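Observations on the three-dimensional arrangement
Each chain, written out:
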Amino acid sequence: MISANQLVILDRDGVINHDSDAYIKSLEEWIPYPSAIDAIVQLNKAGYSVAIATNQSGIARGYYDEATLHSMHERLTELVEAKGGRIAHIAYCPHGPDDQCACRKPLPGLLLQIQQQLAMESLAGSWMVGDSLRDLEAGESVGCHSVLVRTGKGEQTLAKHTNLESTLIFPDLAAFTDWLCQQQ
Ligand SMILES: O=P(O)(O)OC[C@@H](O)[C@H]1O[C@@H](OP(=O)(O)O)[C@@H](O)[C@@H](O)[C@@H]1O
Ligand SMILES: [Mg+2]
Ligand SMILES: [Zn+2]
């Protein structure tokens, strides 16, 4: 069984791949940070499981469909597995802000889906890595450590919220990964 402190949960847009205020609407627009792919594999090789929790309101807004989203996640999985890594689970919220779902971050639904999928008793002590406050809020609601990266919307998040005292801040996922692996 995966222990909570050996799980890293990643936000997708702005952490693994470039984000856009116009949403990531196609496979062509899904451009991973090369260092992020390598970081996921590095985490795996250091004994961490990696899962993804991503809001995808672009589906509810009609900008793209679930098949297109799945093609992005197939590509991500291919890139990670080609380097010997593995994504344990990808949880996504296809709903819009007004749909009153239980899974759109900052609600914890995506993280609870990951917990159930990985048969874990708790996520307390896992790591939640995001570029937006809602990522961190979702993680903290289930006891995750908060990590903010400056990629994607990270700089805007930092400028808007100066009271992130319990949050670790790194330039990008690779920098957090290097730090975490040095803690072992
Ligand atoms: O960062 P994650 O959760 O992986 O994905 C975020 C995306 O779903 C989109 O989320 C939207 O927020 P709204 O859903 O419109 O509030 C906007 O921030 C877009 O720029 C962004 O691409
Ligand atoms: Mg994001
Ligand atoms: Zn949802």
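Further up the page is the structure itself.
Here the structure is a predicted model, which means the values were calculated and not measured.

1. Here we look at the site of ligand 1
Neighbouring ligand 1 are 16 residues; D19, Y23, T54, N55 and R104 lie closest to it. Contacts to ligand 1 include K153, whose side-chain N or O atom sits 2.8 Å from an oxygen atom. Summarising the interface, the protein chains cover 89% of the accessible area of ligand 1, which totals 510 Å² for the free molecule. Among the residues making up the shell around ligand 1, the classes are represented as one nonpolar, five polar and ten charged.

2. Examining the coordination of the zinc ion (ligand 3)
Six octahedral donors at a metal ideally form angles of 90 or 180 degrees, and four tetrahedral donors ideally form angles of 109.5 degrees. The protein atoms that coordinate the zinc ion (ligand 3) are C93 (SG), H95 (ND1), C101 (SG) and C103 (SG), at distances of 2.0 to 2.3 Å. Around the zinc ion (ligand 3) sit four donor atoms, and with donor-metal-donor angles ranging over 102 to 117° the site reads as tetrahedral. Site description for the zinc ion (ligand 3): donor spacing in sequence, C-x1-H-x5-C-x1-C. As far as burial versus exposure is concerned, C93 and C101 are alike and both buried.

3. What about the pairing of strand 4 (residues 127-130)?
In strand 4, alternate side chains face the same way, and those of W127 and V129 on one face and M128 and G130 on the other are all buried. Alignment of strand 1 (residues 7-10) against strand 4, held across three bridges, turns out to be parallel. Residue pairing across strands places I9 opposite M128, the latter belonging to strand 4. With helix 5 (residues 133-140) bridging strand 4 and the parallel strand 5 (residues 145-149), this β-α-β connection has right-handed handedness.

4. With respect to the packing of aromatic side chains
On inspection of all chains with the given rule, the structure shows six aromatic pairs. Relative to F176, the ring of W127 has its centre 5.6 Å away and its plane inclined at 55°; by these criteria the two rings are tilted. Of this pair, W127 sits in strand 4 while F176 sits in helix 7 (residues 173-182), and the two are 49 residues apart along the sequence. The pair formed by W127 and F176 is uniform in burial state, with each residue classed as buried. Cluster of aromatic residues (ring-pair linked, three or more members): W127, F170, F176 and W179.

5. Re helix 1 (residues 34-45)
Taking 1.5 Å as the rise per residue, helix 1 with twelve residues should run 16 Å; its terminal C-alpha atoms sit 17 Å apart, in good agreement. Within the span of helix 1, buried status applies to A36, I37, A39, I40, V41, L43 and N44. In this structure, the buried side of helix 1 is in contact with strand 1, strand 2 (49-55), helix 3 (66-81) and helix 7.

6. Description of helix 4 (residues 109-117)
Given 3.6 residues per turn, any residue in an α-helix points the same way as the ones three and four places further on. Regarding helix 4, the residues found buried are G109, L110, L111, I114 and Q115. Close packing links the buried residues of helix 4 with strand 1, strand 2, strand 3 (89-93), strand 4 and helix 5.

7. Some remarks on the sheet that holds strand 2
The pairing of strands in a sheet happens through backbone hydrogen bonds and is either parallel or antiparallel. Strand order in this open sheet of six strands is 3-2-1-4-5-6, and the pairing throughout is parallel. Every other strand in the sheet has two partners, leaving strand 3 and strand 6 (167-170) as the edge strands with one partner each. On average, each strand axis in the sheet is tilted by 20° relative to the strand beside it, whichever way the strands run. This element, helix 5, spans strand 2, strand 4, strand 5 and strand 6 of the sheet and lies at about 170° to strand 4. The strands that helix 7 touches are strand 1, strand 4, strand 5 and strand 6; relative to strand 4, the one it contacts most, it runs at about 155°.

About the criteria used
Residues numbered from 1 in each chain as written. Chains lettered and ligands numbered in written order. Predicted model: local features only at pLDDT ≥ 70, side-chain atom pairs only at ≥ 80, totals over all residues. Heavy atoms only, no water. Near = heavy atom within 4 Å. Polar contact = N/O pair within 3.5 Å; in protein donor to acceptor, adjacent residues only side chain to side chain. Areas by Shrake-Rupley, 256 points an atom, 1.4 Å probe, with all protein chains shown as cover. Nonpolar A, V, L, I, M, F, W, Y, C, P; charged D, E, K, R; others polar. Donors = N, O, S within 2.8 Å, 3.2 Å for Na, K, Ca; no water. Tetrahedral: all angles 85-135°; square planar, octahedral: opposite > 155°, others 65-115°. Buried < 20%, exposed > 50% of the residue type's maximum accessible area, 1.4 Å probe, protein only. Helix = DSSP H or I, 4+ residues; strand = E, 2+ residues; numbered from the N terminus. Pairing = 2+ DSSP bridges. Right-handed = clockwise from strand over helix to strand, strands pointing away. Phe/Tyr/Trp six-rings, centres within 6.5 Å; stacked < 30°, edge-to-face > 60°. Expected span 1.5 Å × (residues − 1). Contact = heavy atoms within 4.5 Å. Axes fitted to C-alpha atoms, helices over the stretch in contact; angles between N-to-C directions.

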